[in-house]
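Reading the structure
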Amino acid sequence: MTAVRNEIEAETDRAGDDPGPLPGAGAPHLPQQPDLVQLLTPEGERLEHPEYPLEVSDAELRGFYRDMVLVRRWDAEATALQRQGELGIWASLLGQEAAQLGAGRALQDGDMAFPTYREHGVAWARGVDPLHVMSLFRGVDNGGWHPRERGFALYTIVIGAQCLHATGYAMGVQRDGAESAVLAFLGDGATSQGEVNEAMVFAASFAAPVVFFCQNNQYAISVPLERQSKVPLYRRAAGFGFPGVRVDGNDVLAVLAVTRAALRAAREGQGPTFIEAFTYRMGAHTTSDDPTRYRLAHEVEEWKLRDPIARLKAYLSRSGLADAAFFDGVEAEADELAGRIRRGTVEMPDPPPTAMFDGVHAEMTPPLAAQRAAFEAYQASFEGGAA
Amino acid sequence: MTHATLRRFALPDVGEGLTEAELLQWLVAVGDTVTVNQPLCEVETAKAAVELPSPYAGVVVELLVEAGATVDVGTPIITVDTGGGTAAEPPEAPQPGGLIGETTANGRTAVLVGYGPRSTEARRRPRRTAVPEAAGPPLLATAPDARSKPVRHGGLEVGRQAEAAAIREDAASSAAVAPGRRGPRPLAKPPVRKYAKDLGVDLAQLTGTGPGGVITRADVDAARTAPAPRADMAISAPRGEERIPVKGVRKHTAAAMVASAFTAPHVTEFLTVDVTRMMKLRRRLAERPELAGVRISPLLLVAKAVLLAAARHLLVNSSWDEAAQEIVVHGQVNLGIAAATPRGLVVPNVKDAGRLSLAELAGALAELTDTARAGRTAPADLTGGTLTITNVGVFGVDTGTPILNPGEAAILAFGAIAERPWVHKGEVRPRQVTTLALSFDHRIVDGELGSRFLADVGALLADPGTALAF
């Protein structure tokens, strides 16, 4: 994986070359970004990148479109359910579908991902049932999936803490001699956290097989990125001693290619990579937030022109890879999914009270077993038997 | 006849831990057919203004809350007939889920995030072995002190038992003592306690109408507005004083005005101007084809004159930075227009107004005031103002001494334009005259600069041709 290795050197080499048409050049009011890896422009034009060649089948391309539409529909339904009092809170991924699906689909079966609380697209890619995510935001449980079965840890609400878990897990993978990689998700705001920096120091020192995937959605709740960092985030990686890449986070193909390359490098023992997926949070930070208080409507309008789904749709229709029947089919499937999520959320049962004893330890310990037995006996002491 | 299935939607907590929201406007009316997730209304909380989507598909039967009202979380706001029922049912409390503090059909109480314990005593299954009440809760070594606040430990029996005991104690003592006296501590939420304390209402004298006898804000209001009638007052019923809670825009305005009046030393100067020529120009401009459809208001021309004059006197468009001990001269004029709206005084501003053509400025002003009157001004439009005009003339008054919008160096009040006897070309003639008043922050703008600026604005209005000299 020399492409990623050489990123730091390549940056200086590139200075003298004619960069040709620059990625980001087509997008209005965005400074040209010579370092931005892009394989699909906002207008839906396919580009080639010398360091990130990507072979992707037509079916995979259609699959990405379907993934993103379904996840966006889920997100919209969850937001509505929160407004109807059915969820305590919801963190919307609107606008970040490509970053999450591209990264999620780059993972292989044996890999492990450590999400924040917004990675619904990655959860989808890892085969997590949306209702298992909804149960967390409804306050029913802490997330209904089994982290090991899905290769996807539980959501972490504490900002940046999952990076430590990921580095530690990766060091474990290294000691097991396993051929798998770890993907740590974080946001732009998390880069200011101590844990994240500690995680990166350890990852670099031990060449741990971990990839730090930062979705730079431009705001840490209301604080814009320029208040968090004086340098582009991907350049921080150089200070830790591993490569950093900036990828167009609204381009699912580029995210897939870059993340795949970084994970492969990690699996091959070349150590960590930092990926900055340059994207935008189209909605509020969470349902408790009002973004109109800190950003202008025209900024959102500009980013709508770089929508991750619209550009893939444009590419699919223009190159004849999908027709109206396909798009209609995906829409219908999205509505069906939304209906299933709504019903499943509203009718969600409580877990049995004894569920709190499950998953505390890898193996049930005698004291815990005793507590469980005592609790079951206590429950059974009510008329009508145990719940 | 089809059977109605009536469902009520109660105001949810759309933020984390909010207790109330103002219903800004209804987006549906009685008789409308609504679909799931169709926006029903717009509400504003302490955190954000958001639309509430419908959880039901059906026909709107009743709007239970009027626009403009402040509604407690959990209060039903709309009834929807979802049809398809087998029999007419009474309106249900929101069946799916539940709202903060409200008990759902399965007995759970919605807490801030998610759902907490089943706390309804009546729904709990009785123990097989009867535990004597006197023995106290089984998990507690001693009976809880009824005065201590029951602790909810996320559904642990400890909290429930303590709470149940406290309620029992409460019921017993209220039965035992004289009517009007309740238990050791009346039940009410902290904001209601504060509210009652502020109003001087003794909670111990009230009977709560909320769930479980909890005293609600409405109970406090009722106690305040219905004082015990005194015999000597019964003869005549004079109109009692009304107390209007200071909140929202009014509260903000009050704080801003006090801050401004007592930090910036204000000076106000007046200038009475013959604006007959400006009014003539206004008619001529209105006839120009490129300005067709543009509303050329006197305010627009005053705004233009202020912008032209401000370009000559840059210090008028500046701010005092107390912390840095610097005067900040702004690079652009964000022109604020004070607007009276149903929600109070707001001062939205036109960003970089100096760069706009007359037609653009007219458009921006119209949009600004329309949006403000509709109560939809975006927060971004309310911040960053650098210079303000207040059009007191629309109320028919001559002039005033405006208070600076906080952080700004000058504000111009524009009075009514009226025909007055005026000496014009050596004769007394009826002329259209107005009075301008300029208040300025004397730390930044001294008398000379203020006078020159005001004179320039006046000159531009008296003879708009002067603009050529600017």
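Refer to the structure presented above.
The present account deals with the structure reproduced in this document. Computed from a predicted structure; not experimentally measured. (Residues numbered from 1 in each chain as written. Chains lettered and ligands numbered in written order. Predicted model: local features only at pLDDT ≥ 70, side-chain atom pairs only at ≥ 80, totals over all residues. Heavy atoms only, no water.)

Assigned secondary structure in chain B consists of nine helices and 21 strands. Here chain B holds 470 residues, and 38% of them are scored as buried. Contacts spanning at least 24 positions in sequence make up 58% of the contacts within chain B whose residues lie at least 6 apart. A total accessible area of about 25,300 Å² is found for chain B, and carbon and sulfur atoms account for 57% of it. (Helix = DSSP H or I, 4+ residues; strand = E, 2+ residues; numbered from the N terminus. Buried < 20%, exposed > 50% of the residue type's maximum accessible area, 1.4 Å probe, protein only. Contact = heavy atoms within 4.5 Å. Areas by Shrake-Rupley, 256 points an atom, 1.4 Å probe, with all protein chains shown as cover.)

With that settled, consider the overall build of chain A. Along the backbone of chain A there are 15 helices and eight strands. Going through the 387 residues of chain A one by one, you find that 56% of them count as buried. A sequence separation of at least 24 residues applies to 74% of the contacts in chain A between residues at least 6 apart. Accessible surface, chain A: about 15,900 Å² in total, of which carbon and sulfur atoms supply 55%.

This next bit is on the nonpolar core. As a rule of thumb, soluble globular proteins bury nonpolar side chains together. Membership of the largest hydrophobic core comes to 75 residues, with the highest contact counts inside it found for A:Met134 and A:Leu312. Those residues within four positions of A:Met134 in sequence are excluded, and the remaining contacts are A:Trp74, A:Ala78, A:Leu81, A:Leu87, A:Trp90, A:Ile341, A:Thr345 and A:Met348. Residues B:Ala305, B:Ala309, B:Leu365 and B:Leu412 belong to the second largest nonpolar core, which totals 46 residues. (Core = buried A, V, L, I, M, F, W, Y, C linked by side-chain atoms within 4.5 Å.)

All names here are of chain A. Checked against the element boundaries, Ala181 lands in the loop between α8 (161-176) and β3 (182-187). Look at Ala181 and you get buried, because its relative accessible area is 1%. It is 9.3 Å that separates the C-alpha atoms of Ala181 and Ala262, two residues lying 81 residues apart in sequence. Non-local contacts of Ala181, meaning those with residues more than four positions away in its chain, are made with Asp111, Met112, Pro209, Leu263, Ala266 and Arg267.

The next point concerns the environment of A:Ala153. Residues and elements named next belong to chain A. Following the sequence through the fold, Ala153 ends up in the loop between α7 (147-150) and α8. Taking relative accessible area as the criterion, Ala153 reaches 9% and is therefore assigned buried. Sequence-wise, Ala153 and Gly143 are ten residues apart; in three dimensions their C-alpha atoms are separated by 9.5 Å. Excluding its chain neighbours within four sequence positions, the residues that come into contact with Ala153 are Met112, Ala113, Phe114, Pro115, Trp145 and Pro147.

Residue and element names in this part refer to chain B. Mapped onto the elements, Asn349 comes out in strand β17 (residues 349-350). Taking the relative accessible area as the measure of exposure, Asn349 reaches 2% and is therefore buried. Side chain to side chain, Asn349 and Lys351 meet in a polar contact 2.8 Å long. (Polar contact = N/O pair within 3.5 Å; in protein donor to acceptor, adjacent residues only side chain to side chain.)

A cluster of nonpolar side chains, B:Leu314, B:Leu315, B:Ile327 and B:Val329, forms an exposed patch at the surface whose accessible area comes to about 310 Å². Following the sequence through the fold, B:Ile327 ends up in strand β14 (residues 326-329). (Patch = residues over 30% accessible without salt bridge, like charges linked within 9 Å, V, L, I, M, F, W, Y side chains within 5 Å. Salt bridge = Lys/Arg side-chain N within 4 Å of Asp/Glu carboxyl O.)

Turning to the sheet that holds strand β5 (residues 49-53) of chain B, a few remarks are in order. Residue and element names in this part refer to chain B. Reading across the sheet, the four strands line up as β5-β4-β2-β7 and stay open at both edges, with antiparallel pairing between neighbours. Both edges of this open sheet fall to β5 and β7 (70-72), since each of them pairs with a single strand only. This sheet shows a mean twist of 40 degrees between the axes of neighbouring strands, independent of strand direction. One ladder, built from five bridges, connects strand β4 (residues 39-44) with β5; its direction is antiparallel. (Pairing = 2+ DSSP bridges. Axes fitted to C-alpha atoms, helices over the stretch in contact; angles between N-to-C directions.)

Residue and element names in this part refer to chain A. Read across the sheet, six strands follow the order β1-β7-β8-β4-β3-β2 without closing on themselves; strand pairing throughout is parallel. Each end of this open sheet is capped by a strand with a single partner; those strands are β1 (36-37) and β2 (112-114). Pairing between β3 and strand β4 (residues 210-216): six bridges, direction parallel. From the neighbouring strand, Leu183 faces β4, where its bridge partner is Val211. Along the sheet face, helix α4 (residues 97-106) touches β3, β4 and β8 (273-278) and points at about 170 degrees away from the line of β4. The sheet strands contacting helix α11 (residues 252-267) are β1, β3, β4, β7 (244-248) and β8, and the helix crosses β4 at an angle near 155 degrees.

Here we take up the side chain of B:Thr253. Tracing the chain through its elements places B:Thr253 in helix α4 (residues 248-263). Here the side chain of B:Thr253 touches B:Leu345 through a polar contact of 3.5 Å, landing on its backbone oxygen.

Once that is clear, we can look at the pattern of salt bridges. All names here are of chain A. Evaluated as defined, the whole model comprises 30 salt bridges over all chains. Between Glu48 and Arg46 there is a salt bridge, with its nearest N and O atoms 3.8 Å apart. In this structure, the salt-bridge partner of Glu86 is Arg138, at a minimum N-O distance of 2.8 Å. Taken together, the positions of Glu86 in the loop between α3 (58-83) and α4 and Arg138 in the loop between α6 (130-137) and α7 put the pair 52 residues apart, joining distant regions of the chain.

With that out of the way, let us pick up a positive patch on the surface. Positive charge collects at one region of the surface, where B:Lys280, B:Arg283, B:Arg284 and B:Lys425 lie side by side. Mapping B:Lys425 onto the fold places it in the loop between β20 (418-424) and β21 (427-441). (Lys, Arg positive; Asp, Glu negative; His and termini not counted. Charge placed at Lys NZ, Arg CZ, Asp CG, Glu CD.)

In this section: the packing of aromatic side chains. Each aromatic ring pair is characterised by the separation of its centres together with the angle its planes make. Residues and elements named next belong to chain A. Throughout the structure, instances matching the rule amount to 20 aromatic pairs over all chains. Ring centres of Tyr65 and Phe327 lie 5.0 Å apart, and the angle between their planes is 75 degrees; on these two criteria the pair is classed as edge-to-face. One end of the pair, Tyr65, is in helix α3; the other, Phe327, is in helix α14 (residues 324-346), and 262 residues separate them in sequence. For the pair shown, Tyr65 and Phe327 are each scored as buried. For the ring pair Phe240 and Phe242, a centre distance of 6.1 Å and an interplane angle of 20 degrees mean the geometry is stacked. The exposure class of Phe242 is buried, given its relative accessible area of 3%. The rings of Trp74, Trp90, Phe137, Trp145, Phe152 and Tyr155 are connected pair by pair, giving a single aromatic cluster. We note Arg306 situated over the ring of Trp303; from NZ or CZ to the ring centre the distance is 4.3 Å. (Phe/Tyr/Trp six-rings, centres within 6.5 Å; stacked < 30°, edge-to-face > 60°. Lys NZ or Arg CZ within 6 Å of the ring centre and 35° of its normal.)

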